[in-house]
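What follows is each chain in one-letter form.
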Amino acid sequence: MATTMSGTATRVTHGGGALAFVRGATGPLIGLVLLCAFLSFSTDTFLTLRNFLNVMDQITVLGVMAVGMTLVILIGGIDLSVGSVLALSGMVMGYLGDNRAWPFVLAIVVALIVSAACGLVSGLMVTRLRMPAFIATLAMMSIARGVASIITNGEQIVGFPDWFSNLAIIRHFGFLTVTVGLMVAITAVAWIVLTYRPVGRALYAIGGSQEVARLAGIPVRRYTMGVYVLCGALAGLAGVILSARLDSAQPSSGLGYELDTIAAVVIGGASLSGGVGGIGGTAVGVLIIGFLRNGLNLLQVSPFVQQVVIGVVIAVAVAADTLRNRRG
Amino acid sequence: MTASPDPRGLDGGGLALRGVGKNYGLITVLSDVDLDVRPGEAIALLGENGAGKSTIASIISGLVRPTTGSMTWRGQDYAPDAPAGALSAGIGLIHQEMRLLLDLSIAENVFVGRLPMRGGRVDREQMNRRAAEQLRRLGLEVSPTTLVRDLRVAAQQQVEIAKALTLNARLLIFDEPTAALGAEETERLFDQIAGLKAEGVSFIYISHRLDEIARIADRIVVLRDGRLVATHDTAQVPVKTLVEEMVGRPLDRMFPDIPPPPPAAPLIEVEGLTSAEGAFADVSFSVRPGEVFGVAGIVGAGRTELVRAVSGADPIAAGRVRVNGDVLDLKGPRDALDHGVVLVPEDRKAQGLILPQTIAENLALGNYPRVAPSGWITSARIQAFAAKGVARFRIKGTGSMLVSELSGGNQQKVVIAKSIMREPKVVILDEPTRGIDVGARAAIYDIVADLAHRGLAVIIVSSDLDEVLGLSHRVMVLSRGRNRGVLDREQAGRVSVMELATT
């Protein structure tokens with residue numbers, strides 16, 4: 001794969017033109033195209049509209065979380081708490097909406113606020129206490145998971161209003177569920193802000209060098225806080241979406257999702273040291289994981305083998321990127 | 001006076017290079033170099049960046065293999081394929097970029113890879129004792145258990161030197177060793193070198209500072225565009241000749257004429273400024289429009305800390321800074337920037353540039369309102385903005401090049417351009433010419449003159465005293481964090497400044 005890649009991720013972090021969305025992620029994009037081509041020829045069912053729409057529904061949760069994770073990784077951070085925050089969000093919503101019979105919309109809003117507050121606490125630990133993001137969010141991962149279980153003493157919450165579940169089921173205009181639409185909209189807005197707005201460019205600068213960014217007058221702490229809050233809120237939204245899809249909320253949901261999310265962002269060409277990456281690449285990374293899972297299911301590959309394959313894909317994607325950068 | 005290359009054939013002893021060259025693909029960075037270094041001799045390699053000095057150093061120290069030619073060392077063929085090979089042969093390189101393990105102690109850094117052992121365990125007592133001896137030899141008064149991260153740049157460099165001194169090397173290559181050192185540390189290093197020369201150790205010394213080279217080197221070898229252009233006995237060569245050989249053209253003057261500033265109210269006034277970290281106390285001065293104000297002092301005098309505090313980069317405990325009468329909020333760089341105070345920081349790689357990004361991205365940083373007044377930053381607008389900066393500051397490159405690919409001089413121009421494109425009123429330059437070649441240096445002096453001409457206030461900090469004296473209308477001398485006096489251009493000379501600096 002390495003030999004077919006062109007351009008350097010670091011060089012073209014900035015878009016412009018028709019292919020602007022995936023600038024800097026040409027390598028992963030080629031991988032995605034090859035994957036789709038392979039699956040189209042090796043199965044009858046892959047290249048159908050129905051299958052495509054199924055995959056879109058399946059990747060919604062991952063796609064929403066990956067947007068927040070992209071921002072965090074771009075500024076040189078990491079957020080390990082997203083899987084736990086997702087569970088906490090679902091449980092808060094379910095508890096308030098079902099067990100306490102609050103208006104369901106209000107329950108959703110509170111769930112999102114709680115999730116954003118988790119991000120706020122992580123952000124405070126990183127900016128004020130100067131804790132490494134890995135440790136701060138590892139702590140938050142444990143705290144949020146614990147609180148999610150405390151709410152109902154570990155019980156799951158089943159059965160939400162029909163209109164809520166329908167958000168993830170009814171395909172408007174024959175193809176678009178509200179949840180998928182939400183994911184697409186969030187991705188688009190994030191892409192526009194990151195690519196074209198000063199605040200987005202500032203995040204790249206913070207990831208490149210915090211000190212350089214600070215001396216240039218960028219409010220590094222405030223932006224860092226903002227990114228963690230947003231990442232928490234998006235993880236919470238993903239929890240709401242997952243609850244709608246499953247018509248239930250469980251304290252154990254989203255286990256290990258933080259690693260899937262980080263994997264999607266990294267496959268999309270982002271660097272864990274910060275400053276390199278983009279929403280376009282992340283979208284490609286999410287699609288690769290989504291299509292790969294889907295295709296392996298269609299090929300009736302066992303879930304155990306699937307884990308191995310996804311691990312290999314992560315290693316190959318990052319190794320190809322590293323090799324290319326070293327050559328360039 | 002230009003001497004011919006030395007007669008071939010050494011009587012054993014030293015290092016000899018014959019016809020050494022290096023190509024990377026089609027690009028030749030070094031061609032056909034003959035060079036001899038005798039035991040106990042110090043030779044200086046002189047040349048602009050890209051002239052091939054560092055390539056020679058890398059070849060001799062085993063970092064890079066030559067494409068052509070051969071070397072002999074102490075009478076035997078010498079072809080190291082790794083730095084370890086060079087080290088065991090007794091050749092050590094003290095690199096321009098420090099290679100220290102920041103989170104280990106000084107002692108561990110000095111003995112890394114050859115920790116003294118006793119009974120299967122690291123003998124910390126012996127290690128610390130021997131490291132302390134070396135530090136004392138260098139006159140560094142810190143505990144060997146101090147973490148390298150906690151040392152300032154100058155002290156870190158001394159650890160590198162201490163490390164090399166414990167290796168019992170017979171040939172030491174210094175690549176810009178004094179770039180980060182003040183006058184006192186430099187003197188100490190020179191004493192060390194003189195002592196080691198007497199013991200028969202040879203030196204290859206790379207520096208841009210001609211006055212240093214004149215003191216330290218027995219012979220001077222001038223390189224240009226990868227070729228050896230001249231060899232001189234140090235005692236016989238005028239500085240002007242060297243500079244002209246390096247640049248390849250006659251050099252009329254180094255420092256531009258900067259006319260005295262017109263009488264006017266001060267643009268920036270610093271009153272009783274005191275560092276929150278104890279680096280300086282109660283410093284007051286003011287700078288008028290069109291004035292170049294120098295800040296001199298030895299390393300550790302608090303110069304960098306002072307100018308960082310003035311620009312809001314570091315916290316203060318007391319005092320205030322006024323710009324056009326407005327008191328700055330110095331809790332961060334933001335308010336100072338908004339009032340037109342920009343800092344070109346000391347360490348361009350860590351504080352001035354985002355190395356993995358392009359020239360264009362770096363120039364745009366902090367300049368978004370000027371890149372795109374509408375707030376929509378497109379690739380085309382960034383490139384257009386960068387093209388203006390590249391042209392105005394004569395940066396050798398294009399907007400889409402990575403700054404990490406540029407020479408030190410051009411990187412420095414990018415940092416300066418980024419700041420000046422903010423249209424500031426007060427420009428603070430901290431060590432603006434550290435480690436950059438003569439040509440780029442002259443270009444930066446011209447920029448300073450232009451800023452003064454356009455009515456900006458310029459504050460310049462430099463360890464190069466000639467530079468401070470050559471550019472400034474007035475020079476403030478700091479010593480141990482205090483303002484020891486402000487000298488007018490007429491009064492300011494090497495002696496008067498050093499007298500104040502050492503009080």
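Computed from a predicted structure; not experimentally measured.

A. Fine view of the overall build of chain B. Scanning chain B from N- to C-terminus turns up 18 helices and 22 strands. For 503 residues, the compact-globule formula gives about 23 Å, and the C-alpha radius of gyration of chain B, at 24 Å, lands near that figure. Structurally, chain B occupies a C-alpha span of about 70 × 55 × 50 Å along its principal axes. Here chain B, with 503 residues, has 49% of them falling under the buried criterion. Sequence-distant contacts in chain B: of pairs separated by 6 or more residues, those separated by 24 or more amount to 67%.

B. Main features of helix α8 (residues 198-208) of chain A. Judged by how many residues are buried, α8 of chain A sits mostly within the fold: 9 of 11 residues are covered. Restricting attention to buried positions, one finds in α8 of chain A the residues Gly200, Arg201, Ala202, Leu203, Tyr204, Ala205, Ile206, Gly207 and Gly208 of chain A. Elements in contact with the buried residues of α8 of chain A: α2 (49-74), α7 (178-196), α9 (210-215) and α10 (220-246) of chain A together with α12 (359-364) and α13 (368-371) of chain B.

C. Looking closely at the packing of helix α3 (residues 82-99) of chain A against helix α11 (residues 257-267) of chain A. All names here are of chain A. Where α3 meets α11, the closest approach of the two axes is 6 Å, and the angle between their N-to-C directions is 125 degrees. One finds that α3 runs oblique with respect to α11. Contacts between α3 and α11 involve Val82, Gly83 and Leu86 from the former and Tyr257, Glu258 and Thr261 from the latter. For the contact of α3 with α11, the residue count by class is 3 nonpolar, 2 polar and 1 charged.

D. Inspection of the domain arrangement of chain B at higher detail. All names here are of chain B. By the assigned domains, chain B splits into domain 1 (1-90 + 169-250), domain 2 (101-168), domain 3 (264-340 + 426-503) and domain 4 (352-423). Of the residues lining the interface, 11 residues belong to domain 1; the matching set on domain 2 comes to 10 residues. A total of 4 residues in the side of domain 1 that touches domain 2 trace back to one element, the largest contributor, which is helix α6 (residues 183-198). Among the residues making up the side of domain 1 that touches domain 2, the classes are represented as 7 nonpolar, 2 polar and 2 charged.

E. Representation of the interface of chain B and chain A in the model. Between chain B and chain A, the contact holds 27 residues from the first and 22 residues from the second. Counting residues per element, the ones that place at least two in the side of chain B that touches chain A are α10 (333-338), α11 (348-352) and α14 (379-392) of chain B.

F. View of the pairing of strand β11 (residues 219-224) of chain B. Within β11 of chain B, 5 of the 6 residues are buried, which leaves the element mostly enclosed by the surrounding structure. What sits between β11 of chain B and strand β12 (residues 227-233) of chain B in their antiparallel hairpin is a turn of 2 residues, with aspartate 225 of chain B showing a positive phi close to 50 degrees.

G. Representation of the sheet that holds strand β16 (residues 316-323) of chain B within the structure. All names here are of chain B. Taken together, 4 strands build an open sheet; the order of strands is β14-β13-β16-β17 and the sheet is antiparallel. The open sheet is flanked by β14 (283-287) and β17 (326-327), the only strands paired with a single partner. Of the strand pairs in this sheet, β16 and β17 are connected by 2 bridges, and their pairing is antiparallel. Bridge assignment links valine 323 to a residue of β17, and that residue is aspartate 326.

H. Structural detail: helix α5 (residues 133-151) of chain A. Residues and elements named next belong to chain A. Between its terminal C-alpha atoms α5 stretches 27 Å, which fits the 27 Å expected from 19 residues at 1.5 Å a residue. The set of residues buried in α5 consists of Ala133, Ala136, Thr137, Met140, Met141, Ala144, Arg145 and Ala148. Buried residues of α5 fall within an arc of 160 degrees about the axis and therefore sit on the same side. In α5, those exposed residues whose orientation departs by more than 90 degrees from the buried face are Gly146 and Ile150. Of the surrounding secondary structure, the elements contacted by the buried residues of α5 are α3, α4 (104-127) and α11. Two residues or fewer past α5, asparagine 153 is found with a positive phi of approximately 55 degrees.

I. Just the nonpolar core, in detail. Among the nonpolar cores identified, the biggest contains 187 residues, and Met65 of chain A together with Ile428 and Val458 of chain B are the most heavily contacted of them. Ranked by the residues each element gives to this core, the list is headed by α10 of chain A, at 15 residues. Residues lining this core come from more than one domain, with at least three contributed by each of domain 3 (264-340 + 426-503) and domain 4 (352-423) of chain B. Those residues in contact with isoleucine 428 of chain B, other than ones at most four positions away along the chain, are Val307, Val310, Ser311, Val341, Val342, Leu343, Val344 and Ile459 of chain B.

J. Structural detail: the environment of leucine 292 of chain A. In this fold, leucine 292 of chain A is placed in helix α12 (residues 279-298). Sequence separation between leucine 292 of chain A and valine 309 of chain A is 17 residues, and the spatial gap between their C-alpha atoms is 8.7 Å.

K. Fine view of the pairing of strand β9 (residues 171-175) of chain B. Residue and element names in this part refer to chain B. Buried residues dominate β9, accounting for 5 of its 5 residues. Side chains Leu171, Ile173 and Asp175 project from β9 onto one buried face, and the interleaved Leu172 and Phe174 project onto a second face that is buried too. Here strand β6 (residues 91-94) runs beside β9; their pairing, made up of 4 bridges, is parallel. Across the sheet, the residue bridging to leucine 93 is isoleucine 173, located in β9.

L. Seen up close, unusual backbone geometry. At alanine 101 of chain A, a position not held by glycine, the phi torsion is positive, near 55 degrees. Within the secondary structure, alanine 101 of chain A sits in the loop between α3 and α4. Taking the C-beta count within 10 Å as the criterion, alanine 101 of chain A has 9 such neighbours and is therefore assigned exposed. Unlike most non-glycine residues, aspartate 282 of chain B shows phi in positive territory, near 50 degrees. Mapping aspartate 282 of chain B onto the fold places it in the loop between β13 (268-275) and β14.

M. Inspection of the sheet that holds strand β3 (residues 42-46) of chain B at higher detail. Residues and elements named next belong to chain B. In space, the 6 strands of this open sheet follow the order β6-β9-β10-β3-β11-β12, with mixed pairing throughout. The sheet terminates laterally at β6 and β12, the two strands that pair on one side only. Adjacent strand axes in the sheet meet at a mean angle of 20 degrees when their direction is disregarded. Two strands pair when backbone bridges link them, and β3 and β11 are joined in this way by 4 bridges, in the parallel orientation. Within β11, the residue paired with leucine 46 across the bridge is valine 222.

N. Region of the structure containing the confidence of the model for chain A. Residue and element names in this part refer to chain A. Per-residue confidence for chain A gives a mean pLDDT of 90, with 92% of residues at or over 70. Of all the helices and strands in chain A, helix α13 (residues 303-327) carries the lowest mean pLDDT, 82, while α4 carries the highest, 98. Predicted confidence is poor over residues 1-18, with pLDDT under 50, and the contacts of this stretch with residues over four places away or in other chains come to 46 contacts.

O. Geometry of the packing of α2 of chain A against α12 of chain A. All names here are of chain A. Running from amino to carboxyl end, α2 crosses α12 at an angle of 140 degrees, the nearest separation of the two axes being 9 Å. Relative to α12, the element α2 lies oblique. α2 and α12 meet at a crossing whose hand is right-handed. Listed contacts from α12 to Asn51, Val55, Gln58, Ile59, Leu62, Gly63, Ala66, Val67 and Thr70 of α2 are Ile279, Thr282, Val286, Leu287, Ile289, Gly290, Phe291 and Asn294. Here the residues of the contact of α2 with α12 sort into 10 nonpolar, 7 polar and no charged.

The rules we used
Residues numbered from 1 in each chain as written. Chains lettered and ligands numbered in written order. Predicted model: local features only at pLDDT ≥ 70, side-chain atom pairs only at ≥ 80, totals over all residues. Helix = DSSP H or I, 4+ residues; strand = E, 2+ residues; numbered from the N terminus. Rg over C-alpha atoms; globule rule 2.2 N^0.38 Å. Buried ≥ 20, exposed ≤ 12 C-beta atoms within 10 Å, placed from the backbone. Contact = placed C-beta atoms within 7 Å. Axes fitted to C-alpha atoms, helices over the stretch in contact; angles between N-to-C directions. Parallel < 35°, antiparallel > 145°, perpendicular 65-115°, else oblique. Nonpolar A, V, L, I, M, F, W, Y, C, P; charged D, E, K, R; others polar. Domains from an automatic or database assignment. Pairing = 2+ DSSP bridges. Expected span 1.5 Å × (residues − 1). Arc of directions from axis to C-beta. Core = buried A, V, L, I, M, F, W, Y, C linked by C-beta atoms within 7 Å. pLDDT = per-residue confidence, 0-100. Left-handed = near helix turned anticlockwise from the far one by under 90°.

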